[in-house]
Number of protein chains: 2
Amino acid sequence: MSQHGVPLGLLLWRKIRALGVQSVMGVPGDMNLELLDYMKSVDGLRWVGNANELNAAYAADAYCRIKGCPGVLVTTMGVGELSALNGIAGAYTEQVKVIHIVGTTSTTAQRNRLMIHHSLGPFPDHKVYEKISQHVRAAHCWLDNLTTAERDIDRVFHDCHEKSLPVYIFVPMDMVNLLVLPSSTPSFHRAPIVDYADEAAAVATITSMIYESRMPVVIVDALVARHNVIDIARKLVHLLQFPTFSTSMGKSIIHETHPYFHGIYNGQVSRPGVCHSVETESDLVIDLGPILSDSNTGGFTRKIPEGNLISIHPRCVKIGNSTYKHAGLASILGALLREIDTSKLPRPDFPDLPEILPAKDAGSVTITQSWIWRRIGSFLRPGDILIAESGTAQFGLPDAKLPENVTYLTQVYYGSIGYSVPACLGACLARAEQSREGRVILVVGDGSLQLTVQEIGTMIKLDLRNIIIIIINNKGYTIERAIHGPEECKNMSFWNHLKMLEFLGAKNGKTCSRTVRTKKEFEDVVCLPGYTCPDSIQVLEICLDVMDLPWQLEAQIALINAQSEETQI
Amino acid sequence: MSQHGVPLGLLLWRKIRALGVQSVMGVPGDMNLELLDYMKSVDGLRWVGNANELNAAYAADAYCRIKGCPGVLVTTMGVGELSALNGIAGAYTEQVKVIHIVGTTSTTAQRNRLMIHHSLGPFPDHKVYEKISQHVRAAHCWLDNLTTAERDIDRVFHDCHEKSLPVYIFVPMDMVNLLVLPSSTPSFHRAPIVDYADEAAAVATITSMIYESRMPVVIVDALVARHNVIDIARKLVHLLQFPTFSTSMGKSIIHETHPYFHGIYNGQVSRPGVCHSVETESDLVIDLGPILSDSNTGGFTRKIPEGNLISIHPRCVKIGNSTYKHAGLASILGALLREIDTSKLPRPDFPDLPEILPAKDAGSVTITQSWIWRRIGSFLRPGDILIAESGTAQFGLPDAKLPENVTYLTQVYYGSIGYSVPACLGACLARAEQSREGRVILVVGDGSLQLTVQEIGTMIKLDLRNIIIIIINNKGYTIERAIHGPEECKNMSFWNHLKMLEFLGAKNGKTCSRTVRTKKEFEDVVCLPGYTCPDSIQVLEICLDVMDLPWQLEAQIALINAQSEETQI
């Protein structure tokens with residue numbers, strides 16, 4: 001190798017930076033320290049340093065969801081690597097681009113199977129952990145060959161982007177300082193597999209079905225965001241002006257202020273009238289980027305007649321019984337936008353959804369589930385990010401009507417509790433890099449908070465100031481009480497949330513921590529300057545009744561119970 | 001199935017209880033709630049409810065290390081299961097018995113590959129997570145067949161015990177309430193593979209080598225504890241009266257107050273004189289239950305002449321070039337204890353180790369690394385448990401001379417930072433069940449604390465009162481500064497440790513939290529009644545200089561640097 005080359009560690013960070021990445025998550029460890037050093041030599045790249053590795057993975061996931069480029073985390077072989085695995089699996093199942101870089105033992109130690117700390121058992125195979133993550137990644141490489149290293153990095157980045165899935169890069173510690181000669185041309189290229197004839201046929205079928213339809217509707221789902229086609233989807237929906245719905249996972253992709261937006265379609269767990277519009281009145285449903293998990297379909301209660309349905313997936317289009325392979329979301333949406341003749345478009349009436357009646361407990365002085373979610377919605381402003389934890393918040397927040405350009409972030413399919421706190425960190429870092437104004441509002445339950453609370457320390461360390469942490473305190477996992485009875489989880493530990501910021505090192509933690517129980521108290525707090533123009537992390541604990549539930553959760557549980565009774569008959 | 005059977009969920013808990021288990025770790029989730037219900041029907045079994053799943057795994061690991069019976073944790077498919085994986089890998093590599101019970105989707109959902117929340121990707125294989133954990137377990141079963149369920153449970157328990165390794169039991173949620181007829185006789189039996197001829201030959205060789213030796217020594221290592229032969233090893237060592245050493249991982253197995261105990265043998269990272277005694281002066285080294293990882297051998301710097309070495313492993317004995325297969329630790333130690341003729345034993349002189357000279361900074365008014373570890377040792381009393389986190393504490397605490405019947409607990413080979421805090425919980429629960437007096441003293445760094453801090457909330461919730469948490473505050477990961485330079489990890493977040501107990505819900509958290517910087521302050525605190533007879537969790541933050549290191553760590557790093565210079569020549 002030439003002495004004029006670039007150290008492999010530096011090459012890796014330069015390539016990471018070239019993807020658009022500016023913040024790198026992770027935890028330092030003896031096997032990645034030298035690798036981390038090289039980060040300092042790359043302009044615009046900073047080391048975050050998380051409190052633990054699972055949190056780093058969650059943060060990297062959210063960073064990608066906001067910025068579109070991959071989230072990156074660095075861990076140490078085994079101990080750190082495996083701690084992050086659940087976060088990576090979440091990114092895999094929800095199709096989020098994450099690059100997990102693992103600092104490993106040296107190639108010599110690997111060859112000799114030395115019992116280096118962090119290894120597994122006697123005469124250890126140092127590559128065993130790589131086998132463990134094979135199920136939750138799209139690609140991986142070992143940077144143990146200088147000749148192929150650059151090409152390997154590029155191949156892995158390519159797969160991460162193309163499939164919108166996590167990938168792994170393993171870096172033996174003795175390789176980091178070795179010199180490579182970076183290639184001046186792209187070292188790896190794989191043309192996307194597209195069947196242009198199939199794609200053209202799909203576009204022709206879709207346009208003619210649209211022109212012939214009387215009452216078309218559009219559903220916008222999560223993969224539109226994950227596969228980076230939000231802008232084009234917004235333009236298409238705006239061009240069509242058809243009644244448009246989101247799923248729980250797709251919420252906020254389409255601006256909710258447009259007159260054609262009509263709320264969340266979630267099978268039988270939708271607002272009155274929504275199911276009727278989509279399943280009965282409509283004669284054509286265009287479903288963009290669907291993830292059809294139970295939690296995103298009202299527990300599999302969608303009933304759209306198959307003949308009415310066009311599903312545009314990331315890599316194929318399904319229309320009735322036909323599948324157009326190798327025709328992808330991005331190119332199909334682009335072609336539709338170009339080719340649709342607006343003069344031929346139907347002009348369907350917007351559905352006349354029944355007014356939402358006041359809840360039975362609408363007059364309550366204390367804060368109720370029927371009140372709080374919509375109130376949080378009206379607290380938001382354009383540019384804000386809203387993050388919802390699994391649990392009651394995730395069921396309730398679909399009711400929040402979002403202003404334009406609010407991004408809603410939650411993990412509905414994987415549903416790993418604890419995700420939201422580190423996600424808030426990752427989202428906040430990503431948003432700052434976009435030079436966009438706005439607050440980051442985290443809604444987390446007192447139960448879920450306990451899994452990953454330490455990451456709030458990282459927010460304080462980094463002096464992030466535009467974060468409002470809303471803790472829904474219903475004294476434990478109310479969602480599990482709802483599923484299984486009020487006695488459940490009675491023995492959770494109860495924290496003093498007003499001390500949290502102080503403990504985690506915030507200088508003004510005491511003055512920025514508040515508890516509210518009544519609507520009046522809530523209103524008094526959210527108009528404070530610290531909330532309208534936050535310049536410090538705010539904590540707002542909202543005390544709710546232990547057995548108060550969002551209506552969506554009640555409906556979902558009623559459905560499950562009805563189904564299980566049916567099964568028993 | 002008979003209507004007089006026992007629900008499968010109940011059968012599982014009864015069998016868990018029969019192993020000696022009284023506390024079950026874990027986190028509730030929708031797929032394990034019904035299973036957890038049945039725990040209430042088993043006398044003497046209690047649900048702990050941890051703050052997160054990784055912590056639950058660490059706590060289960062430590063529970064086993066104290067009690068000898070398996071530690072048990074319950075998680076939910078995917079999300080919880082994978083979060084615990086790093087803790088299970090640690091148990092695997094350090095040979096700790098842990099039973100990981102995973103509540104999964106129903107067998108119907110599995111068969112139909114439904115996209116139930118927590119699943120992986122589209123058309124998900126619900127059993128994919130089971131493949132992920134195959135590398136870190138000795139056995140597993142799916143309780144999806146009523147006919148074989150009991151036998152499967154017993155087989156898995158058997159392997160857990162015999163191999164002293166983690167095992168998995170997957171419980172589909174639709175199986176929990178189904179009735180099984182428990183068998184009245186053991187449903188599973190597999191005789192241990194023992195070659196009695198080999199065993200007898202090994203014992204004969206060992207005894208004759210002992211009789212012929214002039215200066216035999218014994219090394220006691222971790223697997224003696226893991227394979228539940230502490231008592232018999234203590235008796236044997238006492239019978240022999242040979243100079244006896246521990247490793248870092250084997251510390252506290254042999255009472256350190258006996259005149260024949262001479263400290264920690266850790267290759268070249270041992271006290272002056274120890275290496276000479278073991279490697280040069282001795283003509284026979286009996287090594288009991290070794291784990292020969294870098295971190296337990298002074299970085300592979302042990303130099304015992306092969307012809308002098310008898311290694312007794314859990315399943316075989318190695319003497320020079322010969323291996324006696326199928327001759328195990330328990331039976332060999334038992335046979336030696338029975339067969340040794342004390343009249344033929346050599347009476348070696350005890351080694352004359354040089355006095356430990358006062359450290360250069362012995363006169364320091366403030367607390368130093370050269371002072372604190374031995375001082376913690378003399379603070380201990382018989383019956384106490386001492387838990388050391390990876391990092392400076394793990395390097396320094398081998399200097400602590402332990403009173404009789406103190407149990408020392410740390411994770412040296414796997415070395416996953418964050419282990420110690422949940423381990424403290426698990427150890428404390430286990431000790432309470434043994435009806436033995438004593439305090440549980442946790443020594444954790446300010447860096448490591450951040451990974452798993454929330455488990456202190458579980459200690460408070462359960463009203464555990466005999467825990468003293470010593471936080472070594474050197475403003476970050478000093479061990480990584482030592483390895484890689486003082487600038488490392490400068491950007492860690494700094495917490496206000498005095499607010500920790502209050503935040504996590506302790507009623508008297510404020511009065512039980514203290515900081516000390518000088519030796520005088522330390523002495524004033526540790527003689528308080530709250531420390532001598534604690535009836536409340538105590539937090540003691542000890543501030544140390546950022547670059548002060550235990551001598552063992554300095555020696556280890558000097559060795560590594562010397563080795564790497566040699567390699568370069």
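Owing to the predicted nature of the structure, the values given are computational and were not obtained by experimental measurement.

Things to note about the relation of the copies chain B and chain A
Inference 1: Take chain B, turn it by 180°, move it 0.0 Å along the axis, and it overlays chain A with an RMSD of 0.0 Å. Look at the turn and shift together and you get a two-fold axis relating the two. Residue isoleucine 132 of chain B of chain B places its C-alpha closer to the rotation axis than any other residue of that unit, at 2.5 Å.
Inference 2: A shared interface surface links the copies, since 100% of the contact residues of chain B are contact residues in chain A too.

Some points on the domain arrangement of chain A
All names here are of chain A.
Inference 1: With domains assigned, chain A is organised as domain 1 (6-180), domain 2 (196-344) and domain 3 (369-549).
Inference 2: If you average the C-alpha positions of domain 2 and of domain 3, the two centres end up 31 Å apart.
Inference 3: Of the residues lining the interface, 13 residues belong to domain 2; the matching set on domain 3 comes to 13 residues.
Inference 4: Taking both sides of the interface into account, the surface hidden between domain 2 and domain 3 amounts to around 1,200 Å²; carbon and sulfur atoms contribute 60%.
Inference 5: Area buried by domain 2 at its contact with domain 3 is led by Lys251, Ser252 and Glu256, which between them contribute 39% of it.
Inference 6: On the surface where domain 2 and domain 3 come into contact, there are zero salt bridges.
Inference 7: For the interface between domain 2 and domain 3, the tally reads seven residue pairs in polar contact (both at pLDDT 80 or more).
Inference 8: Split into classes, the residues belonging to the side of domain 2 that touches domain 3 amount to three nonpolar, seven polar and three charged.

Considerations on the interface of chain B and chain A
Inference 1: With 76 residues of chain B in contact, the opposing surface of chain A contributes 76 residues.
Inference 2: Overall, the association of chain B and chain A removes approximately 6,100 Å² of surface from exposure, summing both partners, and the carbon and sulfur fraction of that is 61%.
Inference 3: Counting the surface chain B buries against chain A, the share from its top three residues, Met115, Tyr413 and Phe503 of chain B, is 13%.
Inference 4: Inspection of the chain B/chain A interface yields 29 residue pairs in polar contact (both at pLDDT 80 or more).
Inference 5: By residue class, the composition of the side of chain B that touches chain A is 38 nonpolar, 26 polar and 12 charged.

As for empty space enclosed by the protein
All names here are of chain A.
Inference 1: Under the criterion given, the structure shown has seven cavities of 30 Å³ or more.
Inference 2: Quantified by volume, the largest cavity comes out at close to 140 Å³.
Inference 3: If you trace the largest cavity, you find 17 residues lining it, with Ser390, Gly391, Thr392, Gly445 and Ser448 closest to the centre.
Inference 4: Elements supplying a minimum of two residues to the lining of the largest cavity: helix 15 (392-396), strand 18 (440-445), helix 17 (446-452) and helix 19 (478-484).

Examining the sheet that holds strand 4 (residues 71-76) of chain A
Strands in a sheet are paired, the pairing made by backbone hydrogen bonds, and the direction either parallel or antiparallel.
All names here are of chain A.
Inference 1: The parallel open sheet is built from six strands, whose spatial order is 3-2-4-5-7-6. For this open sheet the edge positions go to strand 3 (46-47) and strand 6 (139-142), each flanked by a neighbour on one side alone.
Inference 2: The pairing of strand 2 (residues 23-26) with strand 4 spans three bridges and is parallel. Each bridged residue has a counterpart across the sheet, and for valine 24 the counterpart in strand 4 is valine 72.
Inference 3: Against the sheet, helix 5 (residues 85-93) contacts strand 4, strand 5 (98-104) and strand 7 (167-172), and its axis sits at roughly 150° relative to strand 5.
Inference 4: Where helix 8 (residues 149-163) meets the sheet, its contacts fall on strand 5, strand 6 and strand 7, and the angle it forms with strand 6 comes to roughly 165°.

Thoughts on the packing of helix 9 (residues 196-212) of chain A against helix 13 (residues 329-339) of chain A
Residue and element names in this part refer to chain A.
Inference 1: Packing of helix 9 against helix 13 leaves a shortest axis separation of 10 Å and a crossing angle of 50°. In terms of orientation, helix 9 lies oblique with respect to helix 13. Our pair here, helix 9 against helix 13, has a crossing hand that is right-handed. Across the interface between the two elements, Glu199, Ala202, Val203, Ile206, Thr207 and Tyr211 of helix 9 pack against Ser331, Ile332, Ala335, Leu336 and Glu339 of helix 13.

Some remarks on the sheet that holds strand 17 (residues 407-410) of chain B
All names here are of chain B.
Inference 1: Strand order in the open sheet formed by six strands is 17-16-18-19-21-20, and the pairing between neighbours is parallel. For this open sheet the edge positions go to strand 17 and strand 20 (513-516), each flanked by a neighbour on one side alone. Going from strand to strand, the sheet's axes swing by 15° on average, the running direction of each strand aside.
Inference 2: In terms of strand pairing, strand 16 (residues 385-388) meets strand 18 (residues 440-445) through four bridges, oriented parallel. In the strand pairing of strand 18, leucine 386 is matched with isoleucine 441.

Brief notes about helix 1 (residues 8-18) of chain A
All names here are of chain A.
Inference 1: In terms of burial, helix 1 is largely enclosed, as eight of its 11 residues are buried.
Inference 2: Inspection of helix 1 places Leu8, Gly9, Leu10, Leu11, Leu12, Trp13, Lys15 and Ile16 among the buried residues, and these make up the whole buried set.
Inference 3: Immediately downstream of helix 1, the backbone of glycine 20 shows phi near 105°, a positive value.

A word on the packing of aromatic side chains
Inference 1: In this structure the tally under the stated criterion is 11 aromatic pairs over all chains.
Inference 2: Arranged with centres 5.5 Å apart and planes meeting at 85°, the rings of tryptophan 371 of chain A and phenylalanine 522 of chain A form a pair that is edge-to-face. Taken together, the residues span a long stretch of sequence, with tryptophan 371 of chain A in helix 14 (residues 369-379) and phenylalanine 522 of chain A in helix 21 (residues 519-526) at a distance of 151 residues.
Inference 3: Grouping aromatic residues by their ring pairs yields a cluster made of Trp495 and Phe503 of chain A together with Trp495 and Phe503 of chain B.
Inference 4: The ring of phenylalanine 379 of chain A has arginine 439 of chain A lying over it, and the distance from NZ or CZ to the ring centre is 4.3 Å.

Quick look at the UniProt feature "domain: Thiamine pyrophosphate enzyme central" (unreviewed entry) in chain A
Inference 1: Feature annotation in UniProt places "domain: Thiamine pyrophosphate enzyme central" (unreviewed entry) on residues 204-339 of chain A, given in this structure's numbering.
Inference 2: The span residues 204-339 of chain A carries 32% helix and 21% strand; its end-to-end C-alpha distance comes to 9 Å.

Here's the deal with the environment of isoleucine 210 of chain B
Residues and elements named next belong to chain B.
Inference 1: Mapping isoleucine 210 onto the fold places it in helix 9 (residues 196-212).
Inference 2: With 16 residues separating them along the chain, isoleucine 210 and valine 194 place their C-alpha atoms 23 Å apart.
Inference 3: Not counting residues within four places of it along the chain, the set of residues in contact with isoleucine 210 comprises Phe242, Leu284, Ile286, Ile340, Leu345 and Pro346.

Considering the nonpolar core
Burial of nonpolar side chains together is a common tendency in soluble globular proteins.
Inference 1: Core analysis: the biggest nonpolar cluster contains 210 residues, and Trp13, Ile101 and Ile456 of chain A together with Trp13, Ile101 and Ile456 of chain B have the highest contact counts within it.
Inference 2: Apart from residues no more than four positions distant in its own chain, tryptophan 13 of chain B is found in contact with Val24, Leu35, Leu36, Tyr38, Met39, Val42, Leu45, Val72, Val74 and Ile101 of chain B.
Inference 3: Core analysis: the next-biggest nonpolar cluster, separate from the first, contains 34 residues, Phe242, Ile286, Ile310 and Ile332 of chain B among them.

How each quantity is defined
Along each chain, residue indices are assigned from 1 in the same order as the chain's sequence is written. In the order they appear in the text, chains get letters beginning with A and ligands get numbers beginning with 1. Totals for whole chains, interfaces and linings use all residues, but because this is a predicted model, local features are given only for residues with pLDDT of at least 70 and pairs of side-chain atoms are given and counted only at 80 or more. The basis for every side-chain value is the complete set of non-hydrogen atoms in the structure, without hydrogens or water. Residues reaching a pLDDT of at least 70 in both copies supply the C-alpha atoms on which the copies are superposed by least squares. By definition, residues are in contact when any of their heavy atoms lie within 4.5 Å. By convention here, the domain bounds are inherited from an automatic or database domain assignment. By definition, the buried area sums, over both parts, the 1.4 Å-probe accessible area that each loses when the two are put together. Counted as salt bridges are all cases of a side-chain nitrogen of Lys or Arg within 4 Å of a carboxyl oxygen of Asp or Glu. Identification of polar contacts relies on pairs of N or O atoms within 3.5 Å, with a donor-acceptor requirement for protein atoms, meaning one able to donate a hydrogen and the other able to accept it, and with residues adjacent in sequence counted only if both atoms are side-chain atoms. Under the grouping applied here, Gly and all other residues not named as nonpolar or charged are polar, the nonpolar ones being Ala, Val, Leu, Ile, Met, Phe, Trp, Tyr, Cys and Pro and the charged ones Asp, Glu, Lys and Arg. Cavities and pockets are found on a 1 Å grid laid over the protein atoms alone: a cavity is a set of points where a 1.4 Å probe fits but cannot escape, a pocket is an open set with protein on both sides within 12 Å along at least five of seven lines, and a lining residue has an atom within 4 Å of such a point. Grid points are joined across faces, edges and corners, and a volume is the space filled by probe spheres set on the points. Here a strand is any run of E in DSSP of at least two residues, a helix any run of H or I of at least four, and the numbering for each starts at the N terminus. Strand pairing is assigned whenever DSSP detects at least two bridges linking the two strands. Note on geometry: axes are lines fitted to C-alpha atoms, helical ones only across the stretch in contact, with angles between N-to-C directions running from 0 to 180 degrees. Relative orientations are named as follows: roughly parallel for angles under 35 degrees, roughly antiparallel for angles over 145 degrees, roughly perpendicular for angles from 65 to 115 degrees, and oblique for any other angle. Working rule for handedness: look at the near helix, and if it is turned counterclockwise from the far one by less than a right angle, call the crossing left-handed; if clockwise, right-handed. When accessible area is computed with a 1.4 Å probe and restricted to protein chains, residues below 20% of their type maximum are described as buried, those above 50% as exposed, and intermediate ones as partly exposed. The pairing test for Phe, Tyr and Trp rings, Trp by its six-membered ring, is centres within 6.5 Å, and the orientation test on the planes gives stacked under 30 degrees, edge-to-face over 60, and tilted for anything in between. In this scheme, Lys NZ or Arg CZ marks a charge over a ring once it lies within 6 Å of the ring centre and within 35 degrees of the ring normal. UniProt positions are given in the numbering used here, feature names are shortened, and annotations may be inferred rather than shown by experiment. Within this scheme, the nonpolar core is defined by two criteria: the residues are buried Ala, Val, Leu, Ile, Met, Phe, Trp, Tyr or Cys, and they are joined through side-chain atoms within 4.5 Å.

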